[in-house]
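Letter by letter, the chains look like this.
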Amino acid sequence: MARLGAAVTIVTTDGKGGRVGITASAVCSVTDTPPTLLVCMNRNSSLNPVVQANGVLCVNVLPGAAQELANTFAGFTGADQVVRFEEGNWTTLATGAPMLEEAVAALDCEVEEVVEKGTHSVVFARVLAIRLGAPGPALIWFSRNYHPVGMPE
């Protein structure tokens, strides 16, 4: 799987279950009608039960220079959830889930279905709002390392 490159995102949620965010690369588009994403979360992830309790999430696609932020939300720095959100500039869109203002794109979603498969929960989430950030490279994870790629047109 190390050879399967993927966008680096921070998936966030907020609501009655709490405010949580993690770095994730297992995110992809399912359909454009209705606009739906798939987000895979390890069942042991701190995000998993909170997303399911809150019923909302925001997928924040990271810019190429956000490696430090990705490491923080991946848990590599030991920062707890409160401290993680002290990095970056956060606001909200439609659902109230935290949106990173520096994100290349932010997709604010409502959870529609969760399928349990092996060690993971596969979340199907309908996109309710989108915010496009400033043009620039995005961050991908490939061969166990971060790489900035591309320049959007």
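Up top you'll find the structure we're talking about.
All values derive from a computational prediction rather than experimental measurement. (Residues numbered from 1 in each chain as written. Predicted model: local features only at pLDDT ≥ 70, side-chain atom pairs only at ≥ 80, totals over all residues. Heavy atoms only, no water.)

### What about the pairing of strand β3 (residues 20-24)?
Alright, step 1. In terms of burial, β3 is a largely internal element, 5 of the 5 residues being buried.
Alright, step 2. With burial as the criterion, each face of β3 is covered, one bearing Val20, Ile22 and Ala24 and the other bearing Gly21 and Thr23.
Alright, step 3. Two strands pair when backbone bridges link them, and strand β2 (residues 9-13) and β3 are joined in this way by 5 bridges, in the antiparallel orientation. Pairing of valine 11 across the sheet is with isoleucine 22, part of β3. (Buried < 20%, exposed > 50% of the residue type's maximum accessible area, 1.4 Å probe, protein only. Helix = DSSP H or I, 4+ residues; strand = E, 2+ residues; numbered from the N terminus. Pairing = 2+ DSSP bridges.)

### Side note on the side chain of aspartate 108
Alright, step 1. Looking at the element boundaries, aspartate 108 is found in strand β9 (residues 105-117).
Alright, step 2. Residues contacting aspartate 108, with those up to four places away along its chain left out, are Leu57, Cys58, Leu93, Ala94, Thr95, Gly96, Ala97, Arg126, Val127, Leu128 and Ala129. (Contact = heavy atoms within 4.5 Å.)

### Digging into unusual backbone geometry
Alright, step 1. Here the amide bond leading from threonine 33 into proline 34 is cis, since omega sits at -5 degrees, within 30 degrees of zero.
Alright, step 2. Looking at where proline 34 falls in the secondary structure, it is placed in the loop between β4 (27-32) and β5 (35-42).
Alright, step 3. With a phi angle near 55 degrees, serine 143 is a residue other than glycine that sits in the positive phi range.
Alright, step 4. Mapped onto the elements of the fold, serine 143 is located in the loop between β11 (138-142) and β12 (145-149).
Alright, step 5. With a phi close to 60 degrees, arginine 144 is a non-glycine residue in the positive phi region.
Alright, step 6. Its location among the elements puts arginine 144 in the loop between β11 and β12.
Alright, step 7. For arginine 144, a relative accessible area of 66% gives the class exposed.

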